[in-house]
Amino acid sequence: MRRTSASLVAGTLVAALAWASSPSSPAVALEPSAGVADLNQDINKILSDSRLTIARAGVVVKSAATGEELYATDAGKLLTPASNTKLFTSAAAAETLGLDYRFSTTVLSSGRKAGSLLAGDLVLRGTGDPTMLADDYDALAAKVAAAGVKVVTGKLVTDDTWFDSQRLGNDWSWDDETAYYAAPISALTASPDRDYDAGSVIVSVAADGDKVKVSTTPETGYLKIVNKATVGSETDVLIERQHNSRTVVITGTVKDPYQEWVAVDDPTAYVASLFRTSLTKHGVKVLGPTVTGAAPAEAKELAGHQSMTLGELLVPFLKLSNNIHAEILTKAMGRKVANQGTWSAGLKVSTDFAKANGVQVINMRDGSGLSRRDGFSPGSIVQLLTAVRSKPWFTTWYESLPIAGNAERFVGGTLRSRMRNTPAANNVHAKTGSLTGVTSLSGYVTSAEGEPLIFSIMLNQYLSGSPKDIEDKIAIRLAQFTRATATADATQLRATEQGEAGDLECSWLKPVQC
């Protein structure tokens, strides 16, 4: 579990409790104050940016204290949310699965044990744990050996039936198929790091004399590496898995060490390879082949592993905008509610939760926001953000959102390099969202007078130049908001350093660390 300073934890906990305890009153008709009129004028100026001339912009700002809508433009329009979709998925998961929910991974025997001989099959069964590392599978293999099993006469069976066999989202782009942020979804998967990038392997290259040395994390023979790279005067290298295969082709030149996160083609087969290697390492020999199938009802557990809780998983999930966590949780919700580990069942859970909490405009096609057919209105996002404040899990969820300008990676997350040294720093708790031509920022901010505000900013269909600074200017302006007086002219708002490269979440651009 990641640690932060005691003072930071105490401060953010106080802020979270304040947010959770603030009244969720119905909208009160108030006479517009000079401060509100000034806020509207300034946001309009910010949105007059030339990059948005042909784009679509939806913005809603609401007082959490009074329910008053302080600003709105295209509040009800259906817009592409990108990773703002994760607000809905994570909230539905907290409600449906509970913060104490854990994924289990077990090893079972389906035969009779006689001494060190298991006359039957060895079954590895998963429920989607995205935090499983190669070391965790190795620990399971060690437990099998410790149970006295040395020879398995049957097969190694991988049971991934907790989820269905659909690995990729219906609307995901073909060219993302090999990207680690769009890795295939399986009930058996493995992560190469403690960001828990499930379904991927880190491929590293380094100059070794006059040759390029290639290694993987974890060490695995699952991938077929075709190394065409050469040592050169600069590092300009491409590491790419060929579509629908295990082959990774490396081309270009290498001077300095470089690494790339690569999605595997089949997480279940990859995990089977890791587990079989670990079994061999611990002196357990499986005579039969590796197959995929459901564990027999009479199979007995030999070893097990429990994941961290969902409450803990929310941190890497939301701070780093992890797509795979979103999709795994979607299928996990479907499995719990409808006994179907499918996208359709899980998305119904998320949609039903949103509608039960007053959300009107919603079209969910996946859990992460990779689909360009996902659609929400900024008004609907603000409605969700308002409704969840009364939930018993809100404080944990709120603290899991990225925090503007906080340099600690698992505190600031995708906002750690944005809005630094402004009134929004360590104030704004919000979810980012990025696709080509799409950016969004939705969450919470406390005004200069201590008034809790809820906001959603959605910018779509711009052609060039990421307008994330526009989001930042609005968020900073909200942090400066007072009802009685005006603030600095919008054109004088501080230009902020950008923490996200181009049109993708910085956490998706490995090895860039946001």
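The model shown is predicted, which means the values in this text are computed figures rather than measured ones. (Residues numbered from 1 in each chain as written. Predicted model: local features only at pLDDT ≥ 70, side-chain atom pairs only at ≥ 80, totals over all residues. Heavy atoms only, no water.)

K.L.:
Can you walk me through the pattern of salt bridges in this structure?
P.N.:
Two side chains with opposite charge may pair up if their charged atoms get near one another. The full count for this structure, using the stated rule, is 20 salt bridges. Across the pair Lys331 and Asp164 runs a salt bridge whose closest N-O atoms are separated by 2.6 Å. Taken together, the positions of Lys331 in helix H7 (residues 323–338) and Asp164 in the loop between strand S8 (156–159) and strand S9 (200–208) put the pair 167 residues apart, joining distant regions of the chain. Notably, a salt bridge pairs Asp266 with Arg167, separated by 4.0 Å at the nearest N-O pair. Separated by 99 residues along the polypeptide, Asp266 in the loop between strand S15 (258–263) and helix H5 (267–281) and Arg167 in the loop between S8 and S9 bring together distant segments of the chain. Residue Asp266 is classed as partly exposed on the basis of its relative accessible area, which comes to 26%. (Salt bridge = Lys/Arg side-chain N within 4 Å of Asp/Glu carboxyl O. Helix = DSSP H or I, 4+ residues; strand = E, 2+ residues; numbered from the N terminus. Buried < 20%, exposed > 50% of the residue type's maximum accessible area, 1.4 Å probe, protein only.)

K.L.:
I would appreciate a short explanation of the environment of Leu156 in the present structure.
P.N.:
Topologically, Leu156 is positioned in strand S8. Between the alpha carbons of Leu156 and Phe275 there is a distance of 9.4 Å; along the sequence they are 119 residues apart. Residues in contact with Leu156, not counting those within four places in the same chain, are Leu122, Ala272, Phe275, Arg276, Leu279, Val286, Pro289, Thr290 and Val291. (Contact = heavy atoms within 4.5 Å.)

K.L.:
Please explain the sheet that holds S9 as it appears in this structure.
P.N.:
Hydrogen bonds along the backbone pair up the strands of a sheet, which may run parallel or antiparallel. The strand order S10-S9-S15 describes an open sheet built from 3 strands, whose pairing is antiparallel. In this open sheet, the two strands that pair with only one neighbour each are strand S10 (211–217) and S15. Mean inter-strand twist for the sheet, computed between neighbouring axes without regard to direction, equals 25°. When S9 meets S10, the two strands line up antiparallel, connected through 7 bridges. Each bridged residue has a counterpart across the sheet, and for Ala206 the counterpart in S10 is Lys213. (Pairing = 2+ DSSP bridges. Axes fitted to C-alpha atoms, helices over the stretch in contact; angles between N-to-C directions.)

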